[in-house]
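The primary structure of each chain is shown beneath.
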Amino acid sequence: MKLFRIAVIAVALLADAAAPAMAQTFSNAFAGFGSDTKEPIQIEAESLAVEDKSNSATFTGNVVVTQGDAQLKTQHLVVFYAGSATADVQQSISRLEARGRVYISSEDQTATGDEASFDMDRQSMVMTGKEVVLSQGANVVVGNRLTVDLKTGKANLQAPQSGRVKVLIQPRSSTGN
């Protein structure tokens, strides 16, 4: 039960941090978790290790977190929390770190990269990788470092030092146009 509680706490706090009200944008892909608090949160992984000394819980092996239409997939997810693993469900999560081909989707939006870090105190997410790819329908943006302010939804995508940010926009690709 202790491990299940940590899993629920980790995802619930990710949900609360990532649910700003904003227009349908690429950065919205991170707002899927927590958008409907009535939806159950399901976590699947090959293993879960809790380390009270370092206040962390580590999910490994084909980790899948699902809530409604939103999904996070990765190979390795570490949740850092304040206090004890047996504390109340409202305990504080300070950060989440995902490694190993991170995939986040919500409705028609996806974001992929090699690593992602969610800082709950700063309400920010950073995704990095050889290629960080954001897509919404047929529209695609590619860089190598994505920073998202989870409060405002503002996203900043940077290109590799030797490259450029790439954008592909399909005419009439958004719903209703």
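See the structure shown above.
It should be emphasised that the depicted structure is a prediction, and the values quoted were computed from it without experimental measurement.

About the cut-offs
Residues numbered from 1 in each chain as written. Predicted model: local features only at pLDDT ≥ 70, side-chain atom pairs only at ≥ 80, totals over all residues. Heavy atoms only, no water. Helix = DSSP H or I, 4+ residues; strand = E, 2+ residues; numbered from the N terminus. Polar contact = N/O pair within 3.5 Å; in protein donor to acceptor, adjacent residues only side chain to side chain. Patch = residues over 30% accessible without salt bridge, like charges linked within 9 Å, V, L, I, M, F, W, Y side chains within 5 Å. Areas by Shrake-Rupley, 256 points an atom, 1.4 Å probe, with all protein chains shown as cover. Salt bridge = Lys/Arg side-chain N within 4 Å of Asp/Glu carboxyl O. Buried < 20%, exposed > 50% of the residue type's maximum accessible area, 1.4 Å probe, protein only. Lys, Arg positive; Asp, Glu negative; His and termini not counted. Charge placed at Lys NZ, Arg CZ, Asp CG, Glu CD.

Draft legend 1. A look at the environment of Tyr 81. The topology assignment puts Tyr 81 in strand β4 (residues 70-81). Measuring from C-alpha to C-alpha, the distance between Tyr 81 and Ser 94 comes to 5.5 Å, with 13 residues separating the pair along the chain. A distance of 3.2 Å separates the side chain of Tyr 81 from the side chain of Asp 52, its partner in a polar contact.

Draft legend 2. Looking closely at a nonpolar patch on the surface. Taken together, the side chains of Val 165, Val 167 and Ile 169 present a nonpolar region at the surface, about 280 Å² in accessible area. Classification of Val 167 by relative accessible area gives exposed; the value is 53%.

Draft legend 3. Representation of the environment of Thr 152. As for its placement among the helices and strands, Thr 152 is situated in the loop between β8 (139-149) and β9 (155-158). Along the primary structure Thr 152 and Ser 124 are separated by 28 residues, whereas in three dimensions their C-alpha atoms are 9.7 Å apart. A distance of 3.2 Å separates a polar side-chain atom of Thr 152 from the backbone nitrogen of Lys 154.

Draft legend 4. Spatial organisation of the environment of Gly 153. Mapped onto the secondary structure, Gly 153 falls in the loop between β8 and β9. With 29 residues separating them in the primary sequence, Gly 153 and Ser 124 have C-alpha atoms 9.3 Å apart.

Draft legend 5. Expanded view of a negative patch on the surface. Together, Glu 39, Asp 69, Glu 107 and Asp 108 make up a region of like negative charge exposed at the surface. The topology assignment puts Glu 107 in the loop between β5 (93-106) and β6 (109-119).

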